[in-house]
Every structure is written in structure tokens, then in C-alpha cells.
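# Structure assessment
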Amino acid sequence: MHQPYEAPGAAAAPSGYGDTTRVLVVDDDPTVAEIVSGYLDRAGYVVDRAADGPAALARAAAHWPDLVVLDLMLPGMDGLEVCRRMRGHGPVPVIMLTARGDEDDRILGLEVGADDYVTKPFSPRELVLRVESVLRRTRPSASAHPLHTAGLTVDPAARRATKEGVELALTIREFDLLAFFLRHPGRAFSREDLMREVWGWDFGDLSTVTVHVRRLRGKVEDDPARPRLIQTVWGVGYRFDATPGEGAV
């Protein structure tokens, strides 16, 4: 159960982040924006604020953020369109804020590339932890070695993935999911397994995994309607086949 909004207090500063990590908070509710910004500020982030879509795009153009906390319901231009336009200018992690129970809206947010979502009402401390988790995944260990298989190359240190030498435009979660699959070829994972291992969550909406698998298939499969690399294992979950055979489903 989510805690109600709280006044900014003694939120613990995340390890490894200083005053150069910039977070853009976009919400038309001034109370929510103020509280979220207060917690992020105390956690050591540089915080910009915007109350609507055009202002968010203008802020991002002036100072490109390291992460965006983006409300789905905004006046004039909704969060989905803001996310699309930002992603058109460059990669940026996005955590979407959605109303409780709006599953279709959450799925739409994931479809346009949101890396995570938090349902309102939420605990600001939980949101700070989600921000830290997403940012941590954008800064992997430089010692991680590139992975190569089935025409795909994933370089965790550079956060870069290619297919037959052509760079893939992947979100943070799509990249992490692909890297995980490449590290464990031939092994079937349930959606619960993937949520725990890739997202770092012990519980959550499993449709998040389904949406990301579908999006990833659209970028790495020759024919996403007949996937040969990321296969569905009925009754279990998904399996990555490094050497797919003909007729794979």
C-alpha cells in the first residue's frame, strides 16, 4: 500500500550521485511537484520543474535531464506526447506517474518508452528509490564485457546495442532485458523471474514485462509477428535462442 504524500524530510541521499545529476519533474499539481522536488533535492539531485508539456520540452532543451519524472495527465499535451517528443531528441530515462487503476494508460506509457512507472498516490521516498534504481542502470560497471550472438552485439559499458552492425534505439529497460537474455541463452524465464532479475522488483505489474518483450521483439526480430530469437515458452515465460531454428514460434 502506498503511503500518502509527505512533506520533505530526511530522505537518504543515494550513493554515487552528486549535484551534477539533473532530474526534470513534470506535474501540473503544484503540491505533488513541490513535494517530489523537495525529496529529490534532499537526495542530492539538481531538480528542474515544469507544469505542462511545452514547458517541459523547453526545460529539457535548455538543460537536458539525466532523468524525467513525468505525469501522464497534463494540460494541453499529455505525458505520452511529451515522452515521444523528448525521445525524438535523444535518449533519456522516464518514470511515468499514473493514476491508480489506469492499467491501459500505464501500458501506453511503457509502449512509448517509459522505463518505469509509479501509481498515485505514492510515497516520495519510494519514488526517490525508483529514480536511483533507474539511474544506476544507466551507469553500469566499465568492466562489463560486450556480448555477441545471433548478429546482435550488446556493450554494457557503452550502453550500446547493434544488430548486424546497425545501432538499435533501445530504452534502458529494453537494453537491460536484451543483455539479460544474451547472458542466459537457451534458458526459460518466467515473467516473475524477469521482473526480479531485470527490474529488481520482487512484485509488480507483470504486464510491464510483456510490453517490454513485445517492444524488444519489434527491434531485434526480422519478423516480430514470428519471433525466432525471443520465444514464448507456453506456461512458463520466455527464452532467448541464440541459434534459432526454422519454424520457431
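Conventions we followed
Residues numbered from 1 in each chain as written. Predicted model: local features only at pLDDT ≥ 70, side-chain atom pairs only at ≥ 80, totals over all residues. Heavy atoms only, no water. Phe/Tyr/Trp six-rings, centres within 6.5 Å; stacked < 30°, edge-to-face > 60°. Helix = DSSP H or I, 4+ residues; strand = E, 2+ residues; numbered from the N terminus. 1 Å grid on protein atoms, 1.4 Å probe; cavity = no way out; pocket = protein on both sides within 12 Å on 5 of 7 lines; lining within 4 Å. Points joined across faces, edges and corners; volume = space filled by probe spheres on them. Nonpolar A, V, L, I, M, F, W, Y, C, P; charged D, E, K, R; others polar. Core = buried A, V, L, I, M, F, W, Y, C linked by side-chain atoms within 4.5 Å. Buried < 20%, exposed > 50% of the residue type's maximum accessible area, 1.4 Å probe, protein only. Contact = heavy atoms within 4.5 Å. Expected span 1.5 Å × (residues − 1). Axes fitted to C-alpha atoms, helices over the stretch in contact; angles between N-to-C directions. Parallel < 35°, antiparallel > 145°, perpendicular 65-115°, else oblique. Pairing = 2+ DSSP bridges. Arc of directions from axis to C-beta.

Attention shifts here to the packing of aromatic side chains. The tally for this structure, following the rule as stated, stands at two aromatic pairs. Ring centres of F181 and F240 lie 6.3 Å apart, and the angle between their planes is 20°; on these two criteria the pair is classed as stacked. Placement of F181 in helix α6 (residues 172-183) and of F240 in strand β12 (residues 237-240) is noted, with a sequence separation of 59 residues between them.

A volume near 540 Å³ is recorded for the second largest pocket. For the second largest pocket, the lining is made up of 23 residues, of which P91, V92, L170, T171 and I172 are closest to its centre. Put simply, the parts of the chain that give the lining of the second largest pocket at least two residues each are β8 (160-163) and α6. Per-class residue counts for the lining of the second largest pocket are twelve nonpolar, three polar and eight charged.

Our focus in this paragraph is the nonpolar core. Formed by 28 residues in total, the largest nonpolar core has its most connected members in L178, L194 and I230. Among the elements of the structure, β7 (152-155), α6, α7 (191-199), α8 (207-220) and β12 are those that each provide at least two residues to this core. Broken down by element, the residue count for this core peaks at seven residues, all from α6. Sequence-distant contacts of L178, defined by excluding residues within four places in its chain, comprise L152, V154, A161, L168, L170, L216 and V220. Y39, A43, I95 and V131 belong to the second largest nonpolar core, which has 21 residues in total.

Counted at 1.5 Å a residue, the expected span for helix α1 (residues 30-42) with its 13 residues is 18 Å, and the 18 Å between its end C-alpha atoms agrees. Restricting attention to buried positions, one finds in α1 the residues V32, A33, I35, V36, S37, G38, Y39 and L40. If you follow the buried residues of α1, they end up packed against β1 (22-26), β2 (46-50) and α5 (124-137). Immediately beyond the C-terminal end of α1, within one or two residues, lies G44, with a positive phi of roughly 105°.

In this section: the packing of α6 against α8. Look at α6 against α8: their axes get within 10 Å of each other, and the N-to-C directions meet at 80°. Considered as vectors, α6 and α8 are oriented roughly perpendicular to each other. Seen from α6, the contacting residues are R173, E174, L177, L178 and F181; seen from α8, they are H212, V213, R215, L216, K219 and V220. Of the residues that constitute the contact of α6 with α8, the class distribution is six nonpolar, one polar and four charged.

The sheet built from five strands is open, its strands ordered β2-β1-β3-β4-β5 with parallel pairing. Of all the strands in the sheet, just β2 and β5 (116-120) have a single pairing partner and so form its edges. If you compare each strand with its neighbour and ignore which way they point, the axes differ by 20° on average. Inspection of the sheet shows strand β3 (residues 67-71) paired to strand β4 (residues 94-99) by four bridges, in the parallel sense. Pairing of V69 across the sheet is with I95, part of β4. Sitting on the sheet, helix α2 (residues 53-62) touches β1 and β2, and the angle it makes with β2 is about 145°.

The omega torsion across K120 and P121 is -5°, close enough to zero to call that bond cis. For P121, the position within the fold is in the loop between β5 and α5. Despite not being glycine, A150 shows a phi value in the positive range, around 50°. Turning to its location among the elements, A150 is positioned in the loop between β6 (147-149) and β7. For A150, a relative accessible area of 34% gives the class partly exposed. Even without being glycine, R159 reaches a positive phi, approximately 55°. Along the polypeptide, R159 turns up in the loop between β7 and β8. Residue R159 is classed as partly exposed on the basis of its relative accessible area of 22%.

Before going further, it helps to spend a moment on α7. Within the span of α7, buried status applies to L194, M195, V198 and W199. Projected down its long axis, α7 shows its buried positions confined to an angular sector of 100°, all on one face. Structurally, α7 contributes buried residues whose contacts are with α5, α6, β10 (188-190), α8 and β12. A positive phi of about 75° marks G200, the residue just after α7.

Distances and angles like these do not, on their own, reveal function.
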